[in-house]
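Each chain, written out:
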Amino acid sequence: MTIQLPSGDGTLRAYEPRTEPLAVTTGSPFTSRTVFSAAHVVADPFADVSPDSPAAVDWDATLAFRRHLWSHGLGVAEAMDTAQRGMGLDWAGAAELIRRSAAEAKAVGGLIACGVGTDQIASGSLAEVRAAYEEQLALVEASGAQAILMASRALAAAAKGPEDYLEVYGHLLRQSAEPVILHWLGPMFDPALEGYWGSSDLDAATDVFLQVIAAHPDKVDGIKVSLLEARREIDIRRRLPDRVRCYTGDDFNYPELIAGDEKGFSHALLGIFDPLGPLAAEAVRVLDTGNVVGFRELLDPTVELSRHLFQKPTRFYKTGVVFLAWLAGHQSHFTMVGGLQSARSLPHFARAYQLADGLGLFPDPKLAEERMKTLLSLYGVNQ
């Protein structure tokens, strides 16, 4: 049996889907790396909302997906960019997501870290930015989750130079109850973050970022770098103080960065580990045995799919992530908060389906094929 998939040139091409998924197992947490999946949210498809409305979330399906990730030993990075933070999910929705997910993590013994930002304000003074960060930090700490200090659009707009970043982050780190993860999200993920750390020169920005860490090494568990530049991440990783970890956020080069080299390695906090969860977990368990070659043999073939989902405009990668969750049977529909399901083209979806199917990511390949055919029919492609 074949399925006719549209290509970018306007033609249809026959593809023969897999009949069996990749064999993976559930298991306990890893021993060689700490690995978080930044998880998506499942929209409520029956809510009568518009793209400008507050997010309507299907909480049962959203939490079920987190249990799926925990069952494979992965940690959950909650209320991050992958959860459409600032792209459909507002602070009220994020706060509820954090509370519910943190409680669920306690119930099942899952690892969780949650995003702390300033998205309850659109803009403001440095004092208002600090206060917004403090409100969110207090909520995350009260939930019992680890805090991830996210990059702030409001801070990027308010800061006059590097000294403002040093002051704001220093203030937050001094009052944090436990070590946090610092998150540097590049402008390819959010154009409003251009010039973060006080400069569009990445070398200068890196120096400021490292100054923040060097001044408070006891309050920084690790950093997440999402710049899609493997060499820069390796350089930053080698300049970190002892005991400060690097969590790769590079969805283009993650296998080599996690595998590491003679001078160190990266842990992981990745959006691509949402659709890759079971396969990624299987690869890390192989790495736990010291088998780097086996790890790369499992994970290297996934990079083509990741680069496809994260292609420019990179910030719309969430659409592909939710699309694959629908095909995999983790949710009953392909609807997203903010109406973001319309952010990618039919040829993009077709290629994502083909690549994911080729990797064996769908637990039920027949269900994925049927759902892909349903989407095609909605676009006027009849099989």
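Quick look at the structure, then. Here the structure is a predicted model, which is why all the values come from computation and not from measurement.

### Side note on unusual backbone geometry
For the peptide bond that leads from Lys312 to Pro313, omega is -10°, which places it in the cis range. By secondary structure assignment, the location of Pro313 is in the loop between helix H11 (303-309) and helix H12 (317-327). In the Ramachandran plot, Gln84 falls in the positive-phi region, its phi being about 65° despite a non-glycine side chain. On the secondary structure map, Gln84 appears in the loop between strand E4 (75-78) and helix H2 (91-108).

### Some words on H2
The end-to-end C-alpha separation of H2 is 25 Å, in line with the 26 Å expected for 18 residues at 1.5 Å each. Along H2, the residues that are buried comprise Trp91, Gly93, Ala94, Ala95, Leu97, Ile98, Ser101, Ala102, Glu104 and Ala105. Those residues of H2 hidden inside the fold are in contact with helix H1 (59-71), E4, strand E5 (112-116) and helix H3 (126-143). The first or second residue beyond H2 is Gly109, which carries a positive phi of 75°.

### Thoughts on the layout of surface pockets
Within this model, the largest pocket holds a volume of roughly 370 Å³. Around the second largest pocket, the lining comprises 19 residues; the ones closest to its centre are Pro278, His330, Leu361, Phe362 and Pro363. Within the residue set of the lining of the second largest pocket, elements represented by two or more residues are H1, helix H9 (277-288) and H12. Here the residues of the lining of the second largest pocket are counted per class, giving 14 nonpolar, four polar and one charged.

How each quantity is defined
- Residues numbered from 1 in each chain as written.
- Predicted model: local features only at pLDDT ≥ 70, side-chain atom pairs only at ≥ 80, totals over all residues.
- Heavy atoms only, no water.
- Helix = DSSP H or I, 4+ residues; strand = E, 2+ residues; numbered from the N terminus.
- Expected span 1.5 Å × (residues − 1).
- Buried < 20%, exposed > 50% of the residue type's maximum accessible area, 1.4 Å probe, protein only.
- Contact = heavy atoms within 4.5 Å.
- 1 Å grid on protein atoms, 1.4 Å probe; cavity = no way out; pocket = protein on both sides within 12 Å on 5 of 7 lines; lining within 4 Å.
- Points joined across faces, edges and corners; volume = space filled by probe spheres on them.
- Nonpolar A, V, L, I, M, F, W, Y, C, P; charged D, E, K, R; others polar.

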